[in-house]
Every structure is written in structure tokens, then in C-alpha cells.
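Structural overview for review
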Amino acid sequence: MPSTRQITEFSDEPAAGNPWVVEPMPATIELVEYDPAWPTQARQIGDRLSELLGLRAIRIDHVGSTAVEGLPAKPVIDIDVTVADPADEAGYVSRLQEAGFVLTVREPWWHEHRLFRGGRRSDDRVAPTDGGPATNIHIFGPDSPEPIKHLVFRNWLRASASDRKLYADTKRAAAAAQRDDDAVMDYNARKQTVILDIYERAFRASGFLS
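The structure contained in this document is the topic of the report that follows. As a convention, each chain's residues are numbered from 1 in the sequence order in which they are written. The predicted origin of the model limits local features to residues at a pLDDT of at least 70 and limits the giving and counting of side-chain atom pairs to 80 or more, whereas totals for whole chains, interfaces and linings rest on all residues. The basis for every side-chain value is the complete set of heavy atoms in the structure, and neither hydrogens nor water enter the calculation.

Points about the sheet that holds strand β2 (residues 77-82)
In spatial order, the strands read β1-β2-β5-β4-β3; together these five strands make up an open sheet with mixed pairing. The sheet is open, and its two borders are formed by β1 (59-63) and β3 (102-107), each paired with just one other strand. Between one strand and the next, the sheet's axes are offset by a mean angle of 20°, whatever the strand orientation. Strand pairing follows a simple DSSP-based rule, namely that at least 2 bridges must link the two strands. Secondary structure elements are defined from DSSP: runs of H or I of at least 4 residues count as helices, runs of E of at least 2 residues count as strands, and each element is numbered from the N terminus. Two elements, strand β4 (residues 113-118) and strand β5 (residues 135-140), share five bridges in a ladder whose sense is antiparallel. Bridge pairing in β5 places Phe116 opposite Ile137. We call two residues in contact whenever any of their non-hydrogen atoms come within 4.5 Å of each other. Each axis is a line fitted through C-alpha atoms, taken for helices only over the stretch in contact, and angles between the N-to-C directions span 0 to 180 degrees. Helix-sheet contacts for helix α2 (residues 38-53) involve β1, β2 and β5, and the interaxial angle to β2 is about 30°. Together, β1, β2 and β5 form the strand contacts of helix α4 (residues 146-159), whose direction differs from that of β1 by roughly 45°.

Here's the deal with α2
One less than the number of residues in a helix, times 1.5 Å, gives the span that helix is expected to have. With 16 residues, α2 extends 22 Å from end C-alpha to end C-alpha; this agrees with the ideal 22 Å at 1.5 Å per step. Three labels apply to residues, based on accessible area from a 1.4 Å probe with only protein chains included: buried if under 20% of the type maximum, exposed if over 50%, partly exposed otherwise in between. Among the residues making up α2, those that are buried are Trp38, Ala42, Ile45, Gly46, Leu49 and Leu53. On an axial view of α2, the arc spanned by its buried residues comes to 105°, and they lie on one face. Away from its buried face, by an angle of more than 90 degrees, α2 presents the exposed residues Arg43, Gln44, Asp47 and Glu51. Think of the arc as the fan of directions from the helix axis to the C-beta atoms.

Quick notes on the packing of α4 against helix α6 (residues 184-206)
It is at 9 Å that the axes of α4 and α6 come closest, and there the two elements cross at 90°. For the element pair α4 / α6, the angle class is roughly perpendicular. Across from Lys149, His150, Val152, Phe153, Trp156 and Leu157 in α4, the residues of α6 making contact are Ile195, Ile198, Tyr199, Arg201, Ala202, Phe203, Ala205 and Ser206. Residues were grouped as follows: Ala, Val, Leu, Ile, Met, Phe, Trp, Tyr, Cys and Pro as nonpolar; Asp, Glu, Lys and Arg as charged; and all remaining residues, including Gly, as polar. Among the residues making up the contact of α4 with α6, the classes are represented as ten nonpolar, two polar and two charged. Every angle not falling under 35 degrees, over 145, or within 65 to 115 is termed oblique; those three ranges are roughly parallel, roughly antiparallel and roughly perpendicular.

Some details on the packing of α4 against helix α5 (residues 161-176)
As a packed pair, α4 and α5 sit with axes 5 Å apart at the nearest point and diverge in direction by 110°. It follows that α4 is roughly perpendicular to α5 by the angle criterion. The segment α4 lies against α5, with Phe153, Trp156, Leu157, Arg158 and Ala159 engaging Ala161, Asp163, Arg164 and Tyr167. Each residue belonging to the contact of α4 with α5 can be placed in one class, and the counts come to six nonpolar, no polar and three charged.

Notes on the side chain of Asn136
Considering the arrangement of structural elements, one finds Asn136 in strand β5. Under the rule applied, a polar contact is a pair of N or O atoms within 3.5 Å (in protein, one hydrogen donor and one hydrogen acceptor; residues adjacent in sequence only if both atoms are side-chain atoms). At a separation of 3.3 Å, a polar atom in the side chain of Asn136 contacts the side chain of Asp78.

Considering unusual backbone geometry
Glycine aside, a negative phi is what most residues show, and trans is what most peptide bonds show. Of note in this structure, His111 is not a glycine but carries a positive phi near 55°. On the secondary structure map, His111 appears in the loop between β3 and β4. The backbone phi angle of Glu112 is positive, close to 55°, even though this residue is not glycine. Residue placement: Glu112 occurs in the loop between β3 and β4.

Right under this line is the structure:
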């Protein structure tokens, strides 16, 4: 279990290598209005992951903007999967890849994070073949603060109409400001100040900060 300090602090971990297993293609940030089908799609993906990984999957959580009713979002379902040891790739990588999910990012220096992509979208050099909606599957270990941060942020946005509107407006403005040579990181950077402000309120509401 990560400490409260690890959960509530943010720091940029320097990359210790190239994280890309599959290099991304340049793509326009596509922001769409909330789709009520997203929770059902996320449950179906979660059920499938549970079947594929069995007891290897300690937790499976729908996170990100598609998990918050009323938020505009990139039409990609984000799923956090907690496993005992993400570095033990023999325990889960082949199971996911045989099912059509593509290992796209490996970041051992950042909480042993792995990213798999599922579904089809314009920014894939290697198109996943799982046949479902566009999906990001984030693998973390039980000591990582990231899944807890994601749940705190998600739950607060579900509860706070004012911050939900603030974040929606910020996302639309960030997408509208994109340039032809932008990457997702540029879009995320334009939201960062507002995200940190919302996180502080979310941490206070959930008891991590007093």
C-alpha cells in the first residue's frame, strides 16, 4: 500500500529509456461528448480481462473521463489493472497479447507501468485485433499510488458538479488549442494546472489531506 505522501504528491519521473514498445503515430485529439454506452463497454472489458487474467488481476477499475457521467472525453476506455508484480511479464503479457491487446508502453522506472491497447483507432501503428472499443489497459502493482489517485479523481468528479464542469471546459479548451504537431502529452500539459487544483480538492474530500 503506498503512503499518503506518495498518493498526494506529484513528481515527474525521468525516463530511463524509450518507453515505447510500439511508437505512436501523430493523431488529432478527438474529444466527444459523454456516451452512456461507456460504462457498459468498460464492464464488458473488465469481465474479459478478469477471464483472461484470473487471480492475477487483483483489481480492475474503470478510470478516466469515460468513467464520469457527463464529461467529454477521448473515446477510449481507460482500465487500471493491479497485479502483484508488473515486472513479472510472464504472468500476464502473453495472455493479453494472444487475446488481441498490444503491449505499447513499458515504463519500469514509473511504478512498473505497462500499457496495452485494444480496439481500433487512427494513432496505432500496430492495430490491436481484439475487436472491442478503443481501450487503454494500464498495469500497475499494489504499491503504486497511481490507481488510487485515479480513483480519488474519478470519484470526486462524479460527486462535484462544479469541478466536473470546470474539467469539461478545460478539456474542450485544451483540445481546441491543439496544433498539427501536437501529441497527447501537449494536450495533457494544457490541462495540468486545473487537474492539480481539482486533485487538491479531491484529496481533501477523501481524507488524504486535512
